[in-house]
Amino acid sequence: MSKYHVIIPSAGSGARMQSAMPKQYLMLNGKPILRHAIEVFEVMHQIETVHIVVSAQDGYWAPHLLDGCSKTKVLDCGGLTRAESVLNGLKHLALEADANDWVLVHDAARPGIDQPLVERLFQEALPESVGAILALPLADTLKRADSQQQIETTLSREGLWQAQTPQMFKLALLQGALQQSLDRQPTDEAQAMEWLGYQPKLVVGDLKNMKITYMRDLQVVSALMQAATLDNQQET
Ligand SMILES: Nc1ccn([C@@H]2O[C@H](COP(=O)(O)OP(=O)(O)OP(=O)(O)O)[C@@H](O)[C@H]2O)c(=O)n1
Ligand SMILES: C[C@](O)(CO)[C@H](O)COP(=O)(O)O
């Protein structure tokens, strides 16, 4: 029976956020951003291990960030790119997990993940599928800008999705794909798999699982997460 492991890339500098510290350490709804995802995976019985990959240099990691966690370990093997951080985490995981285990890669900068979304990924990543990612079909019209930031053309949004995470693949397959494509800097795990000719499944995610990239995203994600919590409380 395949097991499920999680790698949380959390070694970025958050340059686009322009905050005093890397964005994954900023407080959101009462806890550091990186803590939200850790707590979701910690309580899921399907998840065997969680490894959070941090930068050995960022100086913000502190052991208390894993208080109360029993299956999460920190790896200070963050790389220069997200793909490198993920690959370094996979190399460590490969020392203790089976090649055929599933690994879910989830951005620390996506605190809005929740258990139903992860279980949707499990259910819809068909057994014969090579893997799957959470994603959202594009809702807005797409424009391409020229160098003057004027509209050059309108692009069809037919069939276009915005990738989210987790992105779930078999451990050895993903490690090999990232190893082979590192110099091409895949923007996500799925792209490394696509370059090998695979077609991972797209599973509908949620707006609250958006990536915190810019300062303005903090309020949006905070509000979406609080609204979801209220909805859950009203349903119970
Ligand atoms: N060398 C890197 C770069 C990014 N990440 C992680 O990958 C996730 C998504 O990346 P992104 O939003 O681009 O984060 P940053 O690279 O920190 O942001 P920026 O591009 O604005 O610097 C984040 O959780 C980030 O910490 C990582 O582990 N290692
Ligand atoms: C993996 C990802 O979050 C999917 O949308 C995205 O590719 C990360 O990109 P970033 O530039 O590292 O934020």
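Scoring rules and cut-offs
- Residues numbered from 1 in each chain as written.
- Chains lettered and ligands numbered in written order.
- Predicted model: local features only at pLDDT ≥ 70, side-chain atom pairs only at ≥ 80, totals over all residues.
- Heavy atoms only, no water.
- UniProt positions renumbered as here; feature names shortened; annotations may be inferred.
- Helix = DSSP H or I, 4+ residues; strand = E, 2+ residues; numbered from the N terminus.
- Buried < 20%, exposed > 50% of the residue type's maximum accessible area, 1.4 Å probe, protein only.
- Contact = heavy atoms within 4.5 Å.
- Polar contact = N/O pair within 3.5 Å; in protein donor to acceptor, adjacent residues only side chain to side chain.
- pLDDT = per-residue confidence, 0-100.
- Pairing = 2+ DSSP bridges.
- Axes fitted to C-alpha atoms, helices over the stretch in contact; angles between N-to-C directions.
- Near = heavy atom within 4 Å.
- Areas by Shrake-Rupley, 256 points an atom, 1.4 Å probe, with all protein chains shown as cover.
- Nonpolar A, V, L, I, M, F, W, Y, C, P; charged D, E, K, R; others polar.
- Salt bridge = Lys/Arg side-chain N within 4 Å of Asp/Glu carboxyl O.

The protein is annotated in an unreviewed UniProt entry as 2-C-methyl-D-erythritol 4-phosphate cytidylyltransferase of Methylophilus aquaticus. The Function (unreviewed entry) comment attached to the protein in UniProt states, word for word, "Catalyzes the formation of 4-diphosphocytidyl-2-C-methyl-D-erythritol from CTP and 2-C-methyl-D-erythritol 4-phosphate (MEP)." Under Sequence similarities (unreviewed entry), UniProt gives the following word-for-word description of the protein: "Belongs to the IspD/TarI cytidylyltransferase family. IspD subfamily."

Let us look at the UniProt feature "site: Positions MEP for the nucleophilic attack" (unreviewed entry) in the protein. This chain's UniProt record puts "site: Positions MEP for the nucleophilic attack" (unreviewed entry) on Arg 157 and Lys 211. Looking at the element boundaries, Arg 157 is found in the loop between strand 9 (151–155) and strand 10 (161–170). Look at Arg 157 and you get partly exposed, because its relative accessible area is 36%. Beyond its immediate sequence surroundings of up to four residues, Arg 157 is in contact with Leu 138, Ala 139, Asp 140 and Thr 141. From its side chain, Arg 157 meets the backbone oxygen of Ala 139 in a polar contact 3.2 Å long. Considering the arrangement of structural elements, one finds Lys 211 in the loop between strand 11 (201–204) and helix 6 (215–235). Setting aside its immediate chain neighbours within four residues, Lys 211 contacts Arg 16, Asp 107, Ala 109, Arg 110 and Asp 217. Polar side-chain contacts of Lys 211 include one of 2.8 Å to the side chain of Thr 213.

Right, let's get into the confidence of the model for the protein. A low pLDDT score tells you not to read the predicted coordinates there in detail. The share of residues in the protein with pLDDT of 70 or more is 99%, and the mean pLDDT across the chain is 96. In the predicted assembly, ipTM is 0.98 and pTM is 0.97.

A few words now on the sheet that holds strand 11. On the basis of which strands lie adjacent, the open sheet formed by 7 strands has the order 5-4-1-6-10-7-11 and mixed pairing. Both outer strands of the open sheet, strand 5 (72–75) and strand 11, are each paired with one neighbouring strand and no more. This sheet shows a mean twist of 25° between the axes of neighbouring strands, independent of strand direction. One ladder, built from 4 bridges, connects strand 7 (residues 131–137) with strand 11; its direction is parallel. Bridged to Leu 134 within strand 11 is Val 203. Running at roughly 145° to strand 1 (residues 4–9), helix 2 (residues 82–93) makes contact with strand 1, strand 4 (47–53), strand 5, strand 6 (102–105) and strand 10 of the sheet.

Attention shifts here to the side chain of Asn 209. Mapped onto the fold, Asn 209 is located in the loop between strand 11 and helix 6. A distance of 2.7 Å separates a polar atom in the side chain of Asn 209 from the backbone oxygen of Thr 165. Contact partners of Asn 209, with chain neighbours within four places excluded, come to His 106, Arg 110, Gly 112, Ile 113, Leu 117, Leu 134, Gln 164 and Thr 165.

Lining the immediate environment of ligand 2, one finds Arg 16, Arg 82, Asp 107, Arg 110, Ala 163, Thr 187, Asp 188 and Lys 211. Between ligand 2 and Asp 107 there is a distance of 2.6 Å, counted from an oxygen atom to a side-chain nitrogen or oxygen. Surface burial for ligand 2 is 73%, taken as the share of its 360 Å² of free accessible area covered by protein chains. Of the residues belonging to the shell around ligand 2, the class tally is 1 nonpolar, 1 polar and 6 charged.

Scanning the model with the defined rule gives 7 salt bridges in all. Arg 82 is the salt-bridge partner of Asp 107, the closest N and O atoms lying 2.8 Å from each other. In this pair, Asp 107 sits in the loop between strand 6 and helix 3 (115–124) while Arg 82 sits in helix 2, placing the two residues 25 residues apart along the sequence. On the accessibility criterion, Asp 107 (8% relative accessible area) is buried. Here the residues in one salt-bridge network are Arg 82, Asp 107, Arg 110 and Glu 189, joined through shared partners.

Now for the site of ligand 1. Taken together, 19 residues are adjacent to ligand 1, and Gly 14, Ala 15, Arg 16, Lys 23 and Ser 85 come closest. Backbone polar atom of Ser 13 to an oxygen atom of ligand 1: 3.2 Å apart, as the coordinates give it. Between ligand 1 and Thr 81 there is a distance of 3.3 Å, counted from a nitrogen atom to a backbone nitrogen or oxygen. Burial of ligand 1 by the protein chains amounts to 88% of its free accessible area of 560 Å². Taken together, the residues of the shell around ligand 1 sort by class into 6 nonpolar, 8 polar and 5 charged.

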